[in-house]
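So the chains spell out like this:
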Number of protein chains: 2
Amino acid sequence: MKIAIYGYGNLGRGVECAIQNNKDMELFGVFSRRDPKNVKTLTGAPVYPASDVLSYKEEINVMIICGGSATDLPRQTPELAKYFNVVDSFDTHADIPKHFAAVDKSAKESSHTAIISCGWDPGMFSINRVYMESILPDGSTYTFWGKGVSQGHSDAVRRIPGVLDARQYTVPVPEAVERVRNGENPELTTRMKHTMECFVVAEEGADKAAIEQAIKTMPKYFDEYDTTVTFISMEEMKEKHSALPHGGSVIRSGRTGLEKECGHTIEYSLKLDSNPQFTSSVLVCCARAIWKKSGQGVTGCLTMLDLAPADLSPMSGEELRAHCL
Amino acid sequence: MKIAIYGYGNLGRGVECAIQNNKDMELFGVFSRRDPKNVKTLTGAPVYPASDVLSYKEEINVMIICGGSATDLPRQTPELAKYFNVVDSFDTHADIPKHFAAVDKSAKESSHTAIISCGWDPGMFSINRVYMESILPDGSTYTFWGKGVSQGHSDAVRRIPGVLDARQYTVPVPEAVERVRNGENPELTTRMKHTMECFVVAEEGADKAAIEQAIKTMPKYFDEYDTTVTFISMEEMKEKHSALPHGGSVIRSGRTGLEKECGHTIEYSLKLDSNPQFTSSVLVCCARAIWKKSGQGVTGCLTMLDLAPADLSPMSGEELRAHCL
């Protein structure tokens, strides 16, 4: 199948690499809003101007849209779904129903197949929440994120006057994770679940105490957490904090039995060297699934909750039953 | 939907309890080969003779077959699929393709929907293997079982002359699990992955050294493992070893990036107080999925690899997108 990439940032580059790992796929090329002359792809894949995308609609089986959730995807996915089978990683949880409705309408009207919110949260974590809650209806589900970089939080710190660069890590509180793993079903406040670590490069002569105070009291981002702020040099920032690791766990513990006498714990965990690389690997196998669904005559918008594991795999049902079941 | 149970052992009792946790289901009753007068159900559900099962075929939406994989299910599932939508937990991995073919033929001919090999391995572990391998094609998958009781191994020990009762636990080797979690992709022999612990009640005057030797050298069951044998009293056996805990982990580590510079680890783990209780909880949500599939006109045999997470859930697509995605 022929895949194209729309938007060439960290995620687009991740998709470009991930396609190389999948023999049943071929990268048609990259669409960018920048001048193609100034975009050099990692693998030498061709670059086309985003404005020309409709000229290639007969040649592309699935378009993976690699824009941001804040402003790009709400416009791009419904628009491109008029002409292509599309995949995106829309991750603003609260706005998913609205985005779904827009993409569904557009894909249904044009008889295309779309899937939104692919990745790990939303994505693999969501899938696991549904499996866990379906199997153990009587229980509690917990999600822990990290240790990992949140780009939104890092950006928020960078906007504070006197800050040259910043990196924020979300860190799960080990005692909270242990209590959940032990099936204690604890009540956990935001502060009890995660701590925040910030590494900041300050301008020369900046008021570091004021910066630290501004971070720790920032509403929505930091005020509900215990936050540590460490000032470092630009060299240390580049050397130790240029990667984008992430991960986390979804854990459910629940009870079964006539008198609820049996406890069970299910845990799904990720430890990722690179958040965008892993997310793109999920996007690529969702592209395969969407191409299969399109071939089966399914149109409109789906999410990963609507795909069977077999849909994501390059193996046949027979191979899967023999080797993976 | 109305569910019936065929076969009333540990698994059947687990299904009976699990149905109580699911408000969209009702237990029609239990079919047993024993005289119904001698079968007392946990919840007071009615018991019918297995030989009368066809009289009730209009009243039952899905039949959950709770027999054993060795001799019951290969006969029962294809036979009952002629008259019912059926669910089983067939777990002899090597024979799954053959069992699938028999059930598929029977269900297709009668326009019923069947699902085999539901549970956790095969089942949730299989699902996770497929997700992991689809997302990270370049990597290695490892399965660890335990700590938990293997009923097959316990039975094998009980057949040794001089043994009154026995319980065997499979225990994963912590160092092996750690190496896999760290993404080392180690080559692990059978002996390096698990150890075996046996607790044995011997007849008075039995040759304990001979029993220990017979266990440790038993082909297929113990000879490839480091095994410890501990002789205990019948009282201790009843007090400390009457539960059937189990669990385990599926772990895949894989690499992405142009130069494979990023490593990622995915782990799915279960810690279960009761293996049959958890397996039955999976069977029950598979029954829901099969009833939905039957309503969509799907016929023939499926496995959990063919079901989407949404199929297993009592929630609508809209609810799932709003609450779980």
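None of these values were measured; they are calculated from a predicted model.

Trainee: Requested: an account of the overall build of chain A, with residues and values cited.
Mentor: Along chain A, the regular secondary structure elements total 12 helices and 14 strands. Relative to its length of 325 residues, chain A is compact, with a C-alpha radius of gyration of 22 Å against a globular reference of 20 Å. Dimensions of chain A along its principal axes, counting C-alpha atoms only, are 65 × 60 × 35 Å. When each of the 325 residues of chain A is scored for burial, the buried share is 58%. Considering only intrachain contacts with a sequence separation of at least 6, the fraction spanning at least 24 residues in chain A is 68%. For chain A, the computed accessible surface area is about 13700 Å², with 49% contributed by carbon and sulfur atoms. Between the mean site of the 35 positive side-chain charges and the mean site of the 42 negative ones, chain A shows a separation of 3 Å.

Trainee: Kindly report on the pairing of strand 12 (residues 246-256) of chain A, identifying the contributing residues and their values.
Mentor: All names here are of chain A. Among the 11 residues in strand 12, 10 count as buried, and that is most of the element. Where strand 12 meets strand 13 (residues 262-272), 11 bridges bridge the pair, whose relative direction is antiparallel. Looking at strand 13, one finds that I251 is bridged to E267. The antiparallel hairpin formed by strand 12 and strand 13 contains 5 residues in its connecting segment, where G257 sits at a positive phi of about 105 degrees.

Trainee: Describe the sheet that holds strand 7 (residues 139-145) of chain B, with residues and values.
Mentor: Pairing in this open sheet of 6 strands is antiparallel, and the strands run 7(A)-12(A)-13(A)-13(B)-12(B)-7(B) from one edge to the other. Since the sheet does not close on itself, it has two edges, and those belong to strand 7 (139-145) of chain A together with strand 7 of chain B, each with one partner. Along the sheet, successive strands turn relative to each other by an average axial angle of 5 degrees, direction set aside. Where helix 4 (residues 124-135) of chain A meets the sheet, it contacts strand 7, strand 12 and strand 13 of chain A together with strand 13 (262-272) of chain B, and its direction lies at approximately 5 degrees from that of strand 12 of chain A.

Trainee: Could you give an account of the packing of aromatic side chains, naming the residues involved and the relevant values?
Mentor: Tallied over the full model, the rule gives 17 aromatic pairs over all chains. Taking 5.2 Å as the distance between ring centres and 80 degrees as the angle between the ring planes, the aromatic pair formed by W120(B) and F125(B) counts as edge-to-face. Side by side, W120(B) and F125(B) carry an identical accessibility label, which is buried. Three or more aromatic residues joined by ring pairs make a cluster, and in this case those are F28(A), F31(A), Y48(A) and Y56(A).

Trainee: Quick rundown of the packing of helix 4 of chain A against helix 4 (residues 124-135) of chain B? Include the residues and the values.
Mentor: Taken N-terminus to C-terminus, the directions of helix 4 of chain A and helix 4 of chain B make an angle of 175 degrees; their axes are 13 Å apart at the nearest point. Taken as axis vectors, helix 4 of chain A and helix 4 of chain B run roughly antiparallel relative to one another. Facing M124(A), I127(A), N128(A), Y131(A) and I135(A) of helix 4 of chain A, the residues of helix 4 of chain B in contact are M124(B), I127(B), N128(B), Y131(B) and I135(B). Across the contact of helix 4 of chain A with helix 4 of chain B, the residue classes break down as 8 nonpolar, 2 polar and no charged.

Trainee: Break down the relation of the copies chain A and chain B for me, citing the residues and quoting the values.
Mentor: Mapping chain A onto chain B leaves a residual RMSD of 0.0 Å; the transformation is a rotation of 180 degrees accompanied by 0.0 Å of translation along its axis. Overall, the copies show the geometry of a two-fold rotation axis. Considering only C-alpha atoms, the part of chain A nearest the rotation axis is A308(A), at 2.0 Å. Comparing contact sets, 100% of the residues at the interface of chain A also lie at the interface in chain B, consistent with an isologous, same-surface contact.

Trainee: A description of the interface of chain A and chain B should follow, citing residues and the corresponding values.
Mentor: Between chain A and chain B, the contact holds 68 residues from the first and 68 residues from the second. For the pair chain A and chain B, the summed buried surface comes to about 5600 Å²; carbon and sulfur atoms form 64% of the total. Where chain A packs against chain B, one counts 0 salt bridges. Counting residues per element, the ones that place at least two in the side of chain A that touches chain B are helix 1 (10-20), helix 3 (96-109), helix 4, strand 12, strand 13, helix 10 (275-295), helix 11 (309-312) and helix 12 (317-323) of chain A. Among the elements that take part in the side of chain A that touches chain B, strand 13 of chain A stands out by supplying 11 residues, more than any other. Looking at the side of chain A that touches chain B residue by residue, the class counts come to 34 nonpolar, 21 polar and 13 charged. As judged from the 9 bridges shared by strand 13 of chain A and strand 13 of chain B, these two strands associate in the antiparallel manner. Note that in strand 13 of chain B the partner of Y268(A) across the bridge is Y268(B).

Trainee: Which residues make up the sheet that holds strand 8 (residues 148-149) of chain B, and what are the values?
Mentor: Residues and elements named next belong to chain B. Taken together, the 4 strands give an open sheet; going across it, the order is 8-9-10-11, and neighbouring strands pair in mixed fashion. Both edges of this open sheet fall to strand 8 and strand 11 (226-231), since each of them pairs with a single strand only. Both strand 8 and strand 9 (residues 163-172) contribute to a ladder of 2 bridges, which runs antiparallel. Note that in strand 9 the partner of V149 across the bridge is Y169. Where helix 5 (residues 151-158) meets the sheet, its contacts fall on strand 8, strand 9 and strand 10 (194-202), and the angle it forms with strand 9 comes to roughly 145 degrees.

Trainee: I'd love a proper account of the side chain of D104(B), names of residues and values included.
Mentor: Within the secondary structure, D104(B) is located in helix 3 (residues 96-109). Those residues within four positions of D104(B) in sequence are excluded, and the remaining contacts are G300(B) and C301(B).

Trainee: If you had to explain the pattern of salt bridges to someone new, which residues and values would you point to?
Mentor: On inspection of all chains with the given rule, the structure shows 40 salt bridges over all chains. K216(A) is the salt-bridge partner of E212(A), the closest N and O atoms lying 2.9 Å from each other. With E212(A) and K216(A) both in helix 8 (residues 208-216) and 4 residues apart, the pair spans about one turn of that helix. A salt bridge links E79(B) to K82(B); the nearest nitrogen and oxygen atoms lie 3.1 Å apart. Overlapping salt bridges, with partners in common, bring together D155(A), R158(A) and D165(A) in one network.

Cut-offs used in this document
Residues numbered from 1 in each chain as written. Chains lettered and ligands numbered in written order. Predicted model: local features only at pLDDT ≥ 70, side-chain atom pairs only at ≥ 80, totals over all residues. Heavy atoms only, no water. Helix = DSSP H or I, 4+ residues; strand = E, 2+ residues; numbered from the N terminus. Rg over C-alpha atoms; globule rule 2.2 N^0.38 Å. Buried < 20%, exposed > 50% of the residue type's maximum accessible area, 1.4 Å probe, protein only. Contact = heavy atoms within 4.5 Å. Areas by Shrake-Rupley, 256 points an atom, 1.4 Å probe, with all protein chains shown as cover. Lys, Arg positive; Asp, Glu negative; His and termini not counted. Charge placed at Lys NZ, Arg CZ, Asp CG, Glu CD. Pairing = 2+ DSSP bridges. Axes fitted to C-alpha atoms, helices over the stretch in contact; angles between N-to-C directions. Phe/Tyr/Trp six-rings, centres within 6.5 Å; stacked < 30°, edge-to-face > 60°. Parallel < 35°, antiparallel > 145°, perpendicular 65-115°, else oblique. Nonpolar A, V, L, I, M, F, W, Y, C, P; charged D, E, K, R; others polar. Least-squares fit on C-alpha atoms with pLDDT ≥ 70 in both. Buried area = accessible area lost by both parts, 1.4 Å probe. Salt bridge = Lys/Arg side-chain N within 4 Å of Asp/Glu carboxyl O.

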